[in-house]
Number of protein chains: 2
Amino acid sequence: MSTRKMMLSVCIGLTTALALSAQTTFDPQQHKVVTTQRADGRYISTYGVAHALLKHTTPKYAYRTDFSKEEFAAWQEGVREAMAEIMCHPVVEGQPAPVCIGREQRDGYRWEKWEFYPLPECVSTFIVLIPDSVKTPAPAVLCIPGSGMAKEHLTGDIAVRNPHTAMALNIVKRGYIAVAVDNAAAGEAADLEPLAGSGYDYDTTSRILLELGWSWLGYTSYLDRHVMEWMKTQPLIRKDRIVLSGFSLGTEPLMVLGVLDPTVYAFVYNDFLCQTQERAIVMTAPDERGRRGFPNSIRHLIPRFWEFFNFPDIVASLAPRPIIFTEGGLDRDFDLVRHAYAASGHPEAVETHHYAKYAAPETRNPATALPEGLDRTTFYNSVNVDSPNHYFKDEYILPWLDRILAEP
Amino acid sequence: MSTRKMMLSVCIGLTTALALSAQTTFDPQQHKVVTTQRADGRYISTYGVAHALLKHTTPKYAYRTDFSKEEFAAWQEGVREAMAEIMCHPVVEGQPAPVCIGREQRDGYRWEKWEFYPLPECVSTFIVLIPDSVKTPAPAVLCIPGSGMAKEHLTGDIAVRNPHTAMALNIVKRGYIAVAVDNAAAGEAADLEPLAGSGYDYDTTSRILLELGWSWLGYTSYLDRHVMEWMKTQPLIRKDRIVLSGFSLGTEPLMVLGVLDPTVYAFVYNDFLCQTQERAIVMTAPDERGRRGFPNSIRHLIPRFWEFFNFPDIVASLAPRPIIFTEGGLDRDFDLVRHAYAASGHPEAVETHHYAKYAAPETRNPATALPEGLDRTTFYNSVNVDSPNHYFKDEYILPWLDRILAEP
């Protein structure tokens with residue numbers, strides 16, 4: 001098969017010879033931007049063609065600031081239908097109801113662990129933290145972790161040095177019910193990596209799912225949706241006051257669930273707001289081997305995603321439901337979301353924060369379009385991201401929760 | 001974004017600590033097979049679930065030995081429709097006709113280089129070798145290279161030490177017109193890798209195409225199809241005597257074009273015949289880091305492929321058009337193809353060869369199903385593959401071409 005190493009030693013010989021002669025001459029700086037020398041503007045490199053196809057792709061449900069009221073509503077519905085189409089959630093019936101498999105009283109709250117059965121082949125788990133103060137139906141926050149994290153990092157079951165990490169624990173201590181899930185292929189849903197002491201391998205599983213016409217995000221959001229449905233049935237949870245809180249990778253299932261389920265009350269978006277299509281278009285700087293790479297791994301691959309929308313369009317479509325952004329991005333993208341919220345009649349329902357480093361407007365890149373030729377570092381700098389300070393910003397989030405949940 | 005390194009130093013610290021304690025205890029041999037300890041058979045690991053979903057996937061157009069004549073015809077049509085659906089070839093009109101950009105007389109044949117324009121963003125090239133002996137319309141072979149190869153390896157424009165490599169040159173010397181193409185992202189269609197002296201990066205381009213709802217194979221077969229259509233218009237080429245010849249990776253576009261275009265006359269399949277779904281199911285042996293990996297890279301990823309068929313089903317559907325297999329595989333898979341050819345009334349139209357090492361039946365694995373828990377090496381051994389002898393087998397192919405093209 002084609003994955004075998006080429007046995008044609010002559011080719012390997014040639015490549016080696018080329019490598020020796022080229023190593024001293026290839027300068028990545030000279031090739032940061034994708035160009036063609038042809039007068040007709042065509043590309044002979046397939047990368048050049050694919051890059052041009054990507055640039056020429058205008059998502060069908062890109063938000064437009066000139067929407068009429070009717071167009072706005074139709075656009076929201078279009079986003080929802082497209083999201084349902086590409087997430088490919090199966091309809092599975094006849095599975096057992098979730099079961100509580102552990103219960104403990106802790107300091108000021110009850111800890112419960114539950115199993116649920118979203119597919120005939122699958123069992124999954126989540127943890128619920130219920131404040132002792134909650135005696136009647138109350139709001140609840142579904143907490144979705146970031147990459148490399150387990151739900152137990154959020155609940156404090158795995159000790160964490162950075163207290164911000166314990167999203168669910170901090171929320172229950174604030175007096176709200178918190179439900180913590182694992183992402184697909186991580187935490188208890190990991191395969192052998194924890195046994196071997198290595199980081200979670202999201203990508204092998206993603207690859208199998210993609211081959212089957214599904215995706216990591218389609219799968220993980222399908223599971224999260226089951227947890228959310230379970231939450232709605234709980235006597236102590238107000239089904240009209242469910243908040244989704246996503247950290248980093250967890251913002252992706254947050255967007256999916258938020259769009260698919262209009263009953264979700266509010267959203268904590270703890271990552272910078274990224275226009276991922278633009279990111280893929282502008283991150284064209286090659287490495288020393290002449291490879292331009294792709295901004296992220298296939299756990300983020302959803303075929304046809306950009307046919308429909310980008311992240312800013314998706315979160316804009318959540319209007320007028322309350323949302324807090326805690327880690328900035330380009331003002332351009334915040335402005336788009338704010339425009340949609342204003343158009344929905346609730347400009348006050350969106351709260352935005354930049355990284356502290358970029359809190360002052362004059363420190364931020366005011367660009368409305370990014371230039372091609374960026375690498376990872378220059379991209380993050382361009383979009384006002386301060387990676388070392390990427391953490392769950394409960395200093396903003398907890399007061400915001402109090403505010404939006406104060407209404408009866 | 002979620003692709004950034006986790007900044008939660010505590011997690012990294014934990015992982016490192018786990019790694020240190022686990023390194024001495026994790027034994028990949030103990031975990032070769034995917035298992036669950038649960039009485040209900042459910043998996044908690046997402047890999048386990050995805051693996052089970054994969055095992056439970058029965059392709060809609062799997063060949064069945066009990067097909068009636070009508071069912072057989074409907075199945076062939078179904079394979080064709082499904083292939084068209086997942087290859088997503090666009091309909092592009094108004095592009096310029098191919099242009100000859102170079103012509104040379106060489107020793108016994110004419111060398112021509114052509115440009116063609118399959119997409120508004122794209123120019124691509126192919127090389128045609130026409131024997132001096134050809135004066136009237138004659139058969140022609142479209143030659144598709146393997147991984148890491150350029151069309152110039154096939155035509156002898158890049159000197160090759162192994163004479164088998166020069167597929168197109170060997171064919172023109174045998175007296176047949178040969179047309180050589182690059183695979184997408186390779187040869188002239190590569191990006192910067194040749195400048196930097198490194199191997200072709202098929203995967204970045206594949207990733208962009210996949211995001212857009214396309215795929216490497218969909219793209220490369222779309223280009224090859226244009227070359228084939230051009231061949232049909234050439235005065236010296238008999239459009240009813242076009243042969244497709246694929247080496248290694250090149251067998252994939254061969255299968256696509258063969259299915260989509262019933263006018264292709266015959267096929268040279270120069271790789272072992274692989275049941276790729278089974279391969280993904282059985283190659284579950286983890287590495288030292290506890291990662292099971294996937295058998296190949298995303299250049300081979302076509303969402304929904306196994307929903308419809310596996311390679312043996314596809315080549316079976318080419319019946320009764322002549323085909324030669326030169327590098328074996330499991331007899332089970334050859335038997336399936338032979339059954340289809342017999343059912344089509346032309347058992348003589350399929351010729352099969354195993355690797356010399358496995359030429360004697362008693363040296364081959366007679367398995368009809370492979371066990372889980374294989375790694376790359378044990379998989380190749382199980383399917384009778386002798387990787388070091390993976391080369392273009394013109395010792396079988398040239399006489400076969402003479403035979404099948406002898407008919408008027």
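Structure: see above.
We now turn to the structure provided with this report. (Residues numbered from 1 in each chain as written. Chains lettered and ligands numbered in written order. Predicted model: local features only at pLDDT ≥ 70, side-chain atom pairs only at ≥ 80, totals over all residues. Heavy atoms only, no water.)

Side note on the interface of chain A and chain B
In this assembly, 113 residues from chain A lie in contact with 113 residues from chain B. In total, about 9800 Å² of surface goes out of reach between chain A and chain B, with carbon and sulfur atoms giving 63% of it. Between chain A and chain B we count six salt bridges in total. Salt-bridge contacts for Asp191(B) lead to Arg292(A); the nearest nitrogen and oxygen are separated by 2.7 Å. Between chain A and chain B we count 32 residue pairs in polar contact (both at pLDDT 80 or more) in total. At the level of secondary structure, the elements contributing two or more residues to the side of chain A that touches chain B comprise α1 (9–22), α2 (46–55), β2 (109–119), β3 (122–131), α6 (193–196), α7 (202–211), α11 (305–308) and α14 (376–382) of chain A. With eight residues, α1(A) is the single largest residue contributor to the side of chain A that touches chain B. Residue composition of the side of chain A that touches chain B, by class: 62 nonpolar, 29 polar and 22 charged. (Contact = heavy atoms within 4.5 Å. Buried area = accessible area lost by both parts, 1.4 Å probe. Salt bridge = Lys/Arg side-chain N within 4 Å of Asp/Glu carboxyl O. Polar contact = N/O pair within 3.5 Å; in protein donor to acceptor, adjacent residues only side chain to side chain. Helix = DSSP H or I, 4+ residues; strand = E, 2+ residues; numbered from the N terminus. Nonpolar A, V, L, I, M, F, W, Y, C, P; charged D, E, K, R; others polar.)

Re the sheet that holds strand β1 (residues 99–106) of chain A
Residues and elements named next belong to chain A. If you trace the nine strands from one edge of the open sheet to the other, you get β1-β2-β3-β5-β4-β6-β7-β8-β9, paired in mixed fashion. Two strands lie at the open edges of the sheet, namely β1 and β9 (350–352), each paired on one side alone. Neighbour to neighbour, the strand axes of the sheet diverge by 20° on average, direction disregarded. Across four bridges, strand β4 (residues 138–144) lies against strand β5 (residues 177–181) in parallel orientation. By the bridge assignment for β5, Cys143 is matched with Ala180. On top of the sheet, helix α8 (residues 216–232) reaches β2, β3, β4, β5 and β6 (237–247); it is set at about 125° to β2, its chief contact. (Pairing = 2+ DSSP bridges. Axes fitted to C-alpha atoms, helices over the stretch in contact; angles between N-to-C directions.)

Considerations on empty space enclosed by the protein
Remark: the empty space left among the atoms is shown by a probe the size of a water molecule rolled over them. One pass over the full model with this rule turns up seven cavities of 30 Å³ or more. If you add up the space inside the largest cavity, you get close to 140 Å³. Taken together, 16 residues make up the lining of the largest cavity; nearest its centre are Thr276(B), Asn296(B), His300(B), Trp306(B) and Phe311(B). For the lining of the largest cavity, the secondary structure elements donating two or more residues are α7 of chain A together with α10 (276–282) and α11 (305–308) of chain B. Per element, the largest residue contribution to the lining of the largest cavity is three residues, and it comes from α10(B). (1 Å grid on protein atoms, 1.4 Å probe; cavity = no way out; pocket = protein on both sides within 12 Å on 5 of 7 lines; lining within 4 Å. Points joined across faces, edges and corners; volume = space filled by probe spheres on them.)

Here we look at the nonpolar core
Among the nonpolar cores identified, the biggest contains 204 residues, and Leu142(A), Phe309(A), Phe379(A), Leu142(B), Phe309(B) and Phe379(B) are the most heavily contacted of them. The residues contacting Phe309(B), other than those within four sequence positions of it, are Pro59(B), Tyr61(B), Val79(B), Ala82(B), Met83(B), Ile86(B) and Ile314(B). (Core = buried A, V, L, I, M, F, W, Y, C linked by side-chain atoms within 4.5 Å. Buried < 20%, exposed > 50% of the residue type's maximum accessible area, 1.4 Å probe, protein only.)

Here we look at the relation of the copies chain A and chain B
Between chain A and chain B, the superposition needs a rotation of 180° and an axial shift of 0.0 Å, giving an RMSD of 0.0 Å. On this basis, the relationship between the two copies can be described by a two-fold rotation axis. When C-alpha positions in chain A are compared against the rotation axis, the closest is assigned to Pro303(A), at 4.0 Å. The fraction of interface residues of chain A whose copies in chain B are also interface residues reaches 100%, indicating that both copies meet through the same surface. (Least-squares fit on C-alpha atoms with pLDDT ≥ 70 in both.)

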